[in-house]
Amino acid sequence: MDGSTGDGDLDRSVAATGKEIVEAGKSTGRRVDDHRFFFDVFLPPPWLLVFGAGDDAIPLVEIAAQASWTIGPVSCPCVVFPTPSDSSTPVPTTT
């Protein structure tokens, strides 16, 4: 939790409630000690691990990249794949 309500007891109650909400993984509004708060939960994007480079892997990786998923590491003994080039995770190369 970042910031303060100005009341130490309320801060502790809000932090405990926030922890429960983050563990549930979904943003929601909640009343805490006669005050209303909105807890906005930002979870990291899911990972997609791709093994192999069949024709089905290319559109799969493209769709995952468009959805802002983290892609990698990709294990591929070929020259044509992987795409897209904007993947945030370096792709291992074979020698």
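Residues numbered from 1 in each chain as written. Predicted model: local features only at pLDDT ≥ 70, side-chain atom pairs only at ≥ 80, totals over all residues. Heavy atoms only, no water.

Moving on, we get to the packing of aromatic side chains. Throughout the structure, instances matching the rule amount to 1 aromatic pair. Pairing F37 with F39 gives two aromatic rings, centres 6.3 Å apart and planes at 45°, and the pair type is tilted. According to the relative accessible area criterion, F39 is buried, its value standing at 12%. (Phe/Tyr/Trp six-rings, centres within 6.5 Å; stacked < 30°, edge-to-face > 60°. Buried < 20%, exposed > 50% of the residue type's maximum accessible area, 1.4 Å probe, protein only.)

This brings us to the pattern of salt bridges. Under the definition given, this model contains 1 salt bridge. Between R12 and D9 there is a salt bridge whose closest N-O contact spans 2.6 Å. Of this pair, R12 and D9 both sit in helix α1 (residues 8-24), 3 residues apart, which is roughly one turn of the helix. (Salt bridge = Lys/Arg side-chain N within 4 Å of Asp/Glu carboxyl O. Helix = DSSP H or I, 4+ residues; strand = E, 2+ residues; numbered from the N terminus.)

The analysis is restricted to geometry; functional conclusions fall outside its scope.
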